[in-house]
Amino acid sequence: MTLEQARAALAAARRVAVLTGAGASAESGIPTFRDAQTGHWARFRPEDLASPDAYRRDPETVWAWYAGRYRDVTQAQPNEAHHLLARLEREKGDGFFLATQNVDGLHARAGGERLVELHGNLSTARCETCGTVAPLPDPETFTPPPGCPVCAAPMRPNIVWFGEFLPELALEAATRAFEEADVALIVGTSGQVYPAAGLALETRRAGGVVIEVNPDETELTPYLTYSVRDVASRGLLALLDPTD
Ligand code: APR
């Protein structure tokens with residue numbers, strides 16, 4: 001497939017499913033998950049902070065890490081890639097679905113509505129005792145751990161950690177959308193983490209077109225229809241604005 005054909009397929013598609021990963025937020029200044037940790041956190045591997053075991057062993061350290069990331073994403077802004085995807089959603093209406101592995105909330109802040117956050121959200125906390133999900137206070141006044149507004153138990157970050165299951169309804173909705181999609185867009189994900197990465201293959205298996213936007217080759221590349229080798233903003237612009 002050529003870029004020209006990829007653009008045409010996307011323009012003609014009635015149903016479009018999008019999967020985004022850390023690369024979609026890179027241009028907002030949020031480091032990708034597998035980038036080196038910096039400063040105080042350089043001595044930790046993300047895998048050793050983002051796990052139920054780490055939280056059980058040392059909830060204070062885990063909360064301090066998430067509180068810092070929460071503060072960082074609050075200060076970040078959606079970038080052109082988030083805005084282009086929100087525009088595509090307005091064009092396709094109910095034929096659009098977006099599943100993100102990002103926990104930064106930037107798709108919603110760019111106006112995205114038909115979306116699921118497969119790995120949770122940094123700006124909310126979840127009560128392990130009664131299941132309540134509540135927004136965190138303003139980052140300036142927030143001191144973890146937050147207390148549950150319903151039962152007062154300490155809350156945990158509302159993040160899906162390594163070894164945990166994805167929210168069932170969100171994954172079901174995403175799987176259906178990718179199975180039914182005429183075109184799937186895979187933006188800024190290394191495709192290493194399942195089941196999210198498997199969504200791209202659902203569309204392929206059902207005979208749809210799958211287009212990747214990523215400056216680098218990924219684990220998914222060999223299985224996809226076409227790859228735009230560029231950063232998310234420019235790659236999406238090339239697919240959506242053929243005359244520019
Ligand atoms: N535009 C597009 N893609 C980019 C950009 C950019 N500006 N910069 C980097 N990338 C690509 C990289 O080439 C890489 O393939 O983004 C991808 C980021 O990969 P990861 O850091 O592995 O992030 P992601 O795929 O989102 O990870 C999935 O793994 O650790 C878990 O829960 C965590 O949600 C995360 C999941």
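Looking at an unreviewed UniProt entry, the chain carries the name NAD-dependent protein deacylase, with the source organism given as Deinococcus budaensis. In its Subcellular location (unreviewed entry) section, the UniProt record describing the chain reads: "Cytoplasm".

K.L.:
How do you make sense of the domain arrangement of the chain when you look at a structure like this?
P.N.:
One frequent convention defines the size of an interface as the accessible area lost when the parts assemble. Partitioning the chain into structural domains gives domain 1 (3-30 + 78-119 + 166-240) and domain 2 (33-75 + 121-159). One C-alpha centre belongs to domain 1, the other to domain 2; they are set 26 Å apart. Facing the 11 residues of domain 1 at the interface are 9 residues of domain 2. Carbon and sulfur atoms supply 49% of the area buried between domain 1 and domain 2, which totals about 720 Å² over both sides. The largest share of the area that domain 1 buries against domain 2 comes from Val103, Arg109 and His119, three residues that together contribute 49% of it. Summed over the shared surface of domain 1 and domain 2, the result is 0 salt bridges. The tally of links between domain 1 and domain 2 comes to 3 residue pairs in polar contact (both at pLDDT 80 or more).

K.L.:
Got a minute to help me understand the UniProt feature "binding site: NAD(+)" (unreviewed entry) in the chain in this structure?
P.N.:
On the UniProt side, "binding site: NAD(+)" (unreviewed entry) is annotated at positions that read Gln101, Asn102, Val103, Asp104, Gly188, Thr189, Ser190, Asn214, Pro215, Asp216 and Ala232 here. Note on placement: Gly188 falls in the loop between strand E7 (183-187) and helix H7 (198-205). Residue Gly188 is classed as buried on the basis of its relative accessible area, which comes to 12%. Along the polypeptide, Thr189 turns up in the loop between E7 and H7. Taking relative accessible area as the criterion, Thr189 reaches 7% and is therefore assigned buried. The contacts of Thr189, once residues within four sequence positions are left out, are Leu19, Gly21, Gln101, Asn214 and Thr218. In terms of polar contacts, Thr189 uses its side chain to reach the side chain of Gln101, at 2.9 Å.

K.L.:
So what exactly am I meant to see when it comes to the pattern of salt bridges here?
P.N.:
As a working rule, side chains carrying opposite charge can pair if their charged atoms are close by. Taken as a whole and assessed by the stated rule, the structure comprises 14 salt bridges. Glu89 serves as the salt-bridge partner of Arg114, at 3.1 Å between the closest nitrogen and oxygen. Here Arg114 is found in the loop between helix H5 (106-109) and strand E3 (115-117), whereas its partner Glu89 is found in helix H4 (residues 80-92), with 25 residues between them in sequence. Residue class for Arg114 comes out partly exposed when judged on its relative accessible area of 29%. Residue class for Glu89 comes out buried when judged on its relative accessible area of 4%. Connected via shared salt-bridge partners are Arg87, Glu91 and Asp241.

K.L.:
Help me understand the packing of helix H1 (residues 3-12) against helix H8 (residues 232-240) in this model?
P.N.:
Any two packed helices are characterised by how steeply their axes cross, that is the angle between the axes, and by the distance between the axes. Taken N-terminus to C-terminus, the directions of H1 and H8 make an angle of 75°; their axes are 8 Å apart at the nearest point. Classified by the angle between their axes, H1 and H8 sit roughly perpendicular to one another. Across the interface between the two elements, Leu3, Ala6, Arg7 and Leu10 of H1 pack against Ala238, Leu239 and Leu240 of H8.

K.L.:
Is there a simple way to think about the packing of aromatic side chains in this case?
P.N.:
Where two aromatic rings form a pair, the distance of their centres and the angle of their planes describe that pair. As enumerated under the stated definition, the model contains 5 aromatic pairs in all. With a centroid separation of 5.6 Å and 75° between ring planes, the pair formed by Trp63 and Phe142 is classed as edge-to-face. Linking Trp63 in helix H3 (residues 59-75) with Phe142 in the loop between strand E5 (133-135) and strand E6 (155-159), this pair joins segments that are 79 residues apart in sequence. Trp63 sits in the buried class, given a relative accessible area of 3%. You can call Phe142 buried: its relative accessible area is 11%. A ring pair is formed by Tyr70 and Phe142, whose centres lie 6.1 Å apart and whose planes are at 80°; its orientation type is edge-to-face. Taken together, the residues span a long stretch of sequence, with Tyr70 in helix H3 and Phe142 in the loop between E5 and E6 at a distance of 72 residues. Looking at Tyr70, the relative accessible area reads 6%, which means it is buried.

K.L.:
Explanation requested: the pairing of E7 in the structure shown.
P.N.:
The two faces of a sheet get side chains in turn, since along a regular strand they alternate between them. Burial runs high along E7: 5 of the 5 residues are buried. Every second residue of E7 is oriented toward a common face, with Val183, Leu185 and Val187 on one face and Ala184 and Ile186 on the other, all of them buried. Pairing of strand E1 (residues 16-20) with E7, which is carried by 5 bridges, proceeds in the parallel orientation. Across the sheet, residue Thr20 finds its bridge partner in E7, namely Val187. Alignment of E7 against strand E8 (residues 209-213), held across 5 bridges, turns out to be parallel. Considered in E8, the bridge of Ile186 is made with Glu212.

Reading guide: rules and limits
- Residues numbered from 1 in each chain as written.
- Predicted model: local features only at pLDDT ≥ 70, side-chain atom pairs only at ≥ 80, totals over all residues.
- Heavy atoms only, no water.
- UniProt positions renumbered as here; feature names shortened; annotations may be inferred.
- Domains from an automatic or database assignment.
- Contact = heavy atoms within 4.5 Å.
- Buried area = accessible area lost by both parts, 1.4 Å probe.
- Salt bridge = Lys/Arg side-chain N within 4 Å of Asp/Glu carboxyl O.
- Polar contact = N/O pair within 3.5 Å; in protein donor to acceptor, adjacent residues only side chain to side chain.
- Helix = DSSP H or I, 4+ residues; strand = E, 2+ residues; numbered from the N terminus.
- Buried < 20%, exposed > 50% of the residue type's maximum accessible area, 1.4 Å probe, protein only.
- Axes fitted to C-alpha atoms, helices over the stretch in contact; angles between N-to-C directions.
- Parallel < 35°, antiparallel > 145°, perpendicular 65-115°, else oblique.
- Phe/Tyr/Trp six-rings, centres within 6.5 Å; stacked < 30°, edge-to-face > 60°.
- Pairing = 2+ DSSP bridges.

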